[in-house]
Structure formats: C-alpha cells, structure tokens
Amino acid sequence: MKVVTDVVCPFCGTLCDDIKVIMDGNRIVDTLNACVIGNEKFKSAQAGHRILAPMEREDNSAEFAPVSYDYAIERAAQILANARRPLMYGWSSTSCEAQAVGNELAEVCGAVTDNTASVCHGPSVMAIQTVGAPCCTLGEVKNRADLIIYWGCNPVHAHPRHMSRYTTYPRGFFTERGFKDRTMVVVDPRPTDTAKQADIHVQVEQGKDYELLDALRTVIRGEDIPDVVGGVKKEDIKALGDLCKSRKFGVLFFGMGVTQSIGKHRNIDIAISFVADMNKYTKFTLVAMRGHYNVTGSGQVMSWQSGFPFSMDFSRGYPRYNPGETAANDILQRQECDAALVIASDPGAHFPVSSMKYYAQIPTICIDPHETPTTGISKIVIPSTIVGVEEEGNAYRMDNVPIRCRKVCDAPEGILSDKEILERILARVKEIKAEKKGQ
Ligand code: SF4
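Conventions we followed
- Residues numbered from 1 in each chain as written.
- Predicted model: local features only at pLDDT ≥ 70, side-chain atom pairs only at ≥ 80, totals over all residues.
- Heavy atoms only, no water.
- Pairing = 2+ DSSP bridges.
- Helix = DSSP H or I, 4+ residues; strand = E, 2+ residues; numbered from the N terminus.
- Axes fitted to C-alpha atoms, helices over the stretch in contact; angles between N-to-C directions.
- Contact = heavy atoms within 4.5 Å.
- Buried < 20%, exposed > 50% of the residue type's maximum accessible area, 1.4 Å probe, protein only.
- Core = buried A, V, L, I, M, F, W, Y, C linked by side-chain atoms within 4.5 Å.
- Expected span 1.5 Å × (residues − 1).
- Phe/Tyr/Trp six-rings, centres within 6.5 Å; stacked < 30°, edge-to-face > 60°.
- Lys NZ or Arg CZ within 6 Å of the ring centre and 35° of its normal.

Chemist: Quick question: what am I supposed to make of the sheet that holds strand E3 (residues 27-32) here?
Modeler: Adjacent strands of a sheet pair through backbone hydrogen bonds, lying either parallel or antiparallel. Within the open sheet, the three strands sit side by side as E1-E2-E3. Their pairing is antiparallel. Single-partner strands in this sheet number two, and they are strand E1 (2-7) and E3. Looking at each pair of strands side by side, their axes are set apart by 25° on average, direction ignored. Relative to strand E2 (residues 19-24), E1 runs antiparallel, the two sharing four bridges. Residue pairing across strands places Val3 opposite Ile22, the latter belonging to E2. Of the strands in this sheet, E1, E2 and E3 touch helix H1 (residues 36-43), which is tilted by about 165° from E3.

Right, here's the structure in full:
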C-alpha cells in the first residue's frame, strides 16, 4: 500500500488540494480527507461504467460497435471539418491544457464553443461584465471573514468541504476562534442542511431575491421599506443590514438559487451592487460558488485566448459573444447547428429534453471516460482519461486561483487524454480544410 499526498480533488469548485489517496499498486483503495462526492470521483476511475474503447452508432440504431481510436478520430474530424455550424460544448471537467486545444479547434471549425457556465453561473459572468466584481480569494475568507452569507446555495450538499476549509469553521489568522469568531447567514426559501447550521436563516420567498436585495440596499441607506419584502419582515431586513454594517469583513457566496431563478443576471447585478454599497461601511466581497472543478478555468482560457468567457461564436472568423443567441441551448433549440462535440460534461442529463432531441438527430461526438445519458445518444463516443486521477493538468478554483491537478494512477491501457484526442482531431481537421482549399 502507498499513500499519495497533496492530491487535488477534480470534482467541485472548492478544488480541495489536501486529499490523500491510498493505492494498492495501480488500484485506488480509498481516499482520506475527500468528501463523499470527491471519494466517489476518485473511485469512478475503476468503476464498471467506464468506456474502454471508442464506439460508433449507426443512425436510427441504439447499438454501438467498438471502433479504433484512429477511425473515431478520423470520423470526428470529418464531421467537424464538413459542418457549416458545429457546436462544441462542455469543457468544465477537463484541464486548461485540453480547453486551450479545444478553443483552437473551435476557431478552425468556425464553431460555437460554450462551457457549462451557460446553464450555471453564466448570469454571474454577465453581471460582473456589467457592474464589476468585488471578489477575494478563499484564503482571505478563511483568515479574515467574520460574516459569511450563503445566498441561494447549499454547500453542505454541493460543495461539502467549503464550510470546513474556508468559511465557517476553520481557524484563520484574524479568526483564531474559528466558528466562534464568525456569524453565518443563509438566505434560502428552504430549510436546507446548510440553513440548519446557520446563525440566521432568512427564508425568502422563491424568486423574490431581487426584491429582498433591493430592500436591503434601501435600509442600509436609512430609508424606509414596506413592512414585508419577499416574505421577510421589515425588522429582520433592518437587523440583517445592521449586522452586515457591524462586521469587519463580510463575504457573500451565491449560487444557483439566484442565477437560475427569476431575474437571473439581474439578481447578481443587485447582489454585487449591495456588496459595493457595503464597502462604504466595512470590508465586503463576494464569490460565486462555481460548480465543476474547472468551469472557472474554461472561462479563463477562453478569455485569454479570445476575449470572452463562454458562449463564443467563431462562425464569422472572429470571436463573437452574445449569450441568449450564442449559448449552447440557444443554438440547439433553434436547431441551428449541423454537428456537435460534447466533452467533459453531460448535457444529456442536464439540458432540456427539447435541446437533446435535436442533438440526437445530428452527427455528434462525445468525449467522456464514462457512460452517460449523453454518450447514449451520441454517434461517435471517444473514451478519455480522468484529469486529476489519471492525468495531470491545470484547473482554476472558484476564486480564480490556479491549482495543478496531480496524477495518482495509470488509466486503463490504451486510453488517450482529452488533450491528445483534441490535438489529433485538430491536426486532421486542418489537413481536411487544407485539402478542400486546394481543390
Ligand atoms: S468539497 Fe468538492 S473538491 Fe472538496 S473533496 Fe468534496 S467534491 Fe472534492
């Protein structure tokens, strides 16, 4: 038995980098420090639903036939090179190195490329582009924050070690007594397991976050508000405003409860404006609870390569960005793309059925280590290694801190990495395009 230390968990945006993996030869026996989800991710490397060879499915058939990597890559390159408006989607559960190759592939193909932000924190990105982002790193939260607000998020279930590593419980430089030095507020319509641990649970009515944040901004300026806003009493809103003003360092963490409810990016606009207001009285910042371990990295890589963080359209030969028009679901729902590549994500499980019905009708390629609802309806399936378990690679934590994921074991024999698969498809697409030009 061997213990590999300082391993980075490639699951959620907390990107824990203190995992220990117990190995018996090349086999993962157990993990230490990881939460249940992280532990399962490591063990998924040797799970039964692993795909061990590329596969192809005929139109109108549910049966897949195994094919070689050379054949699958050739077919994928032909599909993408010959498509007039291909869609490339996913990217959030792979390395920055693979994402960079993917963006070049999208440019060469004149594709629309989009990451999972478009169904997740895309509204946050749009709000940040509108009103800015008073953010900080999680280390600052750990060492300084004496007020933690979780608004529309449930870290006990979605980011299980967030509270113990960075926010509520750890002892920091200026927060030596851990949770005794902090106040925790949860704003959520439901009494979630996170809300049960909070000092204060503000039970806002579903979809009334904008109104509540507006009222909060109004009371902290000393102006009057109605007796009840979003189901919360005036005195409770005033008390929350006073609490925020009285603390030395407040942090607002926000999630799907505000990005995916009525108002979407406008909810984040006003949350950011509230945080900016609070800096007149004390120190206040906010951090988006980014979901996949490297969705932030995809935004970073797209931005430094092309200027925009998601929903990027290369069809005119230069990058264009207009979520609502160029996001994956917009393209699928309008039946605009004539081919699609999905990598490191599972829209089959998470997109509206109407989008995936169209996906099932066009030539599609899915790159994924496991069988998923998306692989089940794709035409070409190409298995890949798991970054952070079988492959090194860079990832960005939810607070934009880059961390290098480690390799702890070898992948099943013959399985290629996302980066290598994309590089080979890219090289072949370039050849096909050059041949076409020469004709
Ligand atoms: S909190 Fe997230 S990153 Fe940390 S071990 Fe759990 S799933 Fe992995």
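Following the structure, the description resumes.
Chemist: Can you walk me through the environment of Glu176 in this structure?
Modeler: Looking at the secondary structure, you find Glu176 in the loop between helix H7 (162-165) and strand E9 (183-187). By relative accessible area, Glu176 is classed as exposed at 58%. It is 20 Å that separates the C-alpha atoms of Glu176 and Gln197, two residues lying 21 residues apart in sequence. Among all residues touching Glu176, those that are not within four sequence positions of it are Arg171 and Asp181.

Chemist: Looking at this model, I keep getting lost on unusual backbone geometry. Mind explaining?
Modeler: Comment: phi is negative for the bulk of residues other than glycine, and the bulk of peptide bonds are trans. Of note, the phi angle at Asp6 is positive, near 55°, even though the residue is not glycine. In this model, Asn60 sits at a positive phi of 65°, which is unusual for a non-glycine residue. Within the secondary structure layout, Asn60 lies in the loop between strand E4 (55-57) and strand E5 (64-66). Using a relative accessible area of 83% as the deciding quantity, one classes Asn60 as exposed.

Chemist: What is the right way to read the nonpolar core from this model?
Modeler: Side chains of a nonpolar character, in soluble globular proteins, are inclined to be buried together. If you look at the biggest cluster of nonpolar residues, it comprises 37 residues, and the most contacted ones within it are Leu80, Met88, Leu105, Ile365, Ile367, Ile382 and Ile425. At the level of elements, helix H2 (69-82), helix H3 (96-109), strand E17 (339-343), strand E18 (364-367), strand E19 (380-382) and helix H18 (418-438) are the ones that each hand at least two residues to this core. Among the elements that line this core, the one with the most residues is H2, at eight residues. In this view, Ile382 contacts Tyr69, Ala72, Ala76, Ile365, Cys366, Ile367, Asp368 and Ile421; residues no more than four positions away in its chain are not counted. By size, the runner-up hydrophobic cluster in this structure holds 34 residues, among which are Val187, Ile237, Leu240 and Ala271.

Chemist: In this structure, what is going on with H2? I would like to understand it.
Modeler: Look at H2: 20 Å from first C-alpha to last across 14 residues, which is about the 20 Å you get at 1.5 Å a residue. Turning to H2, its buried residues are Tyr69, Ala72, Ile73, Ala76, Ala77, Ile79, Leu80 and Ala81. Those residues of H2 that are buried lie in contact with strand E6 (86-90), H3, E17, E18, E19 and H18.

Chemist: Which parts of the structure should I look at to understand the packing of aromatic side chains?
Modeler: Aromatic rings considered in pairs are described by the distance between their centres and by the relative angle of their planes. Enumeration according to the criterion identifies eight aromatic pairs in this entry. On the numbers, 5.5 Å between centres and 85° between planes, the contact of Phe310 with Tyr321 is edge-to-face. Of this pair, Phe310 sits in the loop between helix H13 (295-306) and strand E15 (312-313) while Tyr321 is found in strand E16 (residues 320-321), placing the two residues 11 residues apart along the sequence. Of the two residues, Phe310 and Tyr321, both sit in the buried class. Among the aromatic residues, ring-to-ring pairing joins Phe308, Phe310 and Tyr321 into one connected group. Sitting over the face of the ring of Tyr281, Lys245 holds its NZ or CZ atom 4.5 Å from the ring centroid.

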